[in-house]
Amino acid sequence: MIVFTRPKAESLFKNIECKQMLISYKLPDGTWSEPEVLPSPLNLDCEDAPVLVHDNQTLFFSSVRERMDDKGKILEAKDVGFDLFFTKMLAKGVWATPSLLEDFSTEFHDKYLSVPVTGNPGYYRVSELKGKSLSSEVWQKEQKIKPNPVATITGKVTDLRSEKPIQATVSI
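Quick look at the environment of L38
Right, on to step 1. Within the secondary structure layout, L38 lies in the loop between β3 (36–37) and β4 (47–52).
Right, on to step 2. Separated by 17 residues in the primary sequence, L38 and M21 place their C-alpha atoms 5.8 Å from one another.
Right, on to step 3. When near neighbours in sequence (up to four residues on either side) are disregarded, L38 contacts V3, M21, L22, I23, N43, L59 and W95.

Below you can see the structure in the form of structure tokens.
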């Protein structure tokens, strides 16, 4: 499966290109399903930069949405930039309510989280609009959210005598 974004027809926020997240599934014949818009509360008003990590269940993304600051004050979406969120797929088409990655939150636009297979550290881009120019830096941070562990097995099945590859089905 793949998660991606498409621009929205109109942006709700000045100087921010808002997008919506979609998902498409690889079909048994190797083609892809028609994209489906991810449901609310994943898609609200303004999303970007989805990253479905190697476990195919953990989704990180950036969103402009209402949230509380560290003093308990509600910050309206129009007053904040992109923040990083995560969710887990519970079943096909069913997602947990997204949670803010508070440790990664800055007053700037936080996007493009990169998560290695080990889960740490996380790398992400922090951007600030200064006049008409965009200033960006890549930050690194240990993260508490761990994708589910996965194993990759590679190899080939060969004939015992000739050692030539043969067609086989392997189940684990």
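Things to note about the environment of Y25
Right, on to step 1. Mapped onto the fold, Y25 is located in the loop between β2 (19–24) and β3.
Right, on to step 2. The class of Y25 is buried, set by a relative accessible area of 11%.
Right, on to step 3. The spatial distance from the C-alpha of Y25 to the C-alpha of E36 is 9.3 Å, given a sequence separation of 11 residues.
Right, on to step 4. Residues in contact with Y25, not counting those within four places in the same chain, are M1, T31, W32, S33, E36, K92 and G93.

Points about the side chain of T87
Right, on to step 1. Here T87 shows up in strand β8 (residues 83–91).
Right, on to step 2. In this structure T87 comes out as buried when scored by relative accessible area, which is 1%.
Right, on to step 3. A polar contact is formed between the side chain of T87 and the backbone oxygen of A96, at a distance of 2.5 Å.
Right, on to step 4. Look past the residues within four positions of T87 in its chain and what remains in contact with it is L42, Q57, T58, L59, F61, W95, A96, T97 and P98.

Here is what the cut-offs are and how they apply
All residue numbers refer to position in the chain's written sequence, counted from 1. For a predicted model such as this one, the threshold for reporting local features is a pLDDT of at least 70, and the threshold for listing and counting side-chain atom pairs is 80 or more; totals across whole chains, interfaces and linings nevertheless cover every residue. Each side-chain value is worked out from all heavy atoms of the structure, with water and hydrogens disregarded. Segments assigned H or I by DSSP are reported as helices when at least four residues long, segments assigned E as strands when at least two residues long, and all are numbered from the N terminus. In what follows, residue pairs with any heavy atoms lying within 4.5 Å of each other are defined as contacts. Think of it in three bands: residues with accessible area under 20% of the maximum for their type are buried, residues over 50% are exposed, and the middle band is partly exposed, with areas taken using a 1.4 Å probe on protein chains only. Think of a polar contact as two N or O atoms within 3.5 Å of one another; within protein, one of them needs to be a possible hydrogen donor and the other a possible acceptor, and neighboring residues in sequence only count if both atoms come from side chains.

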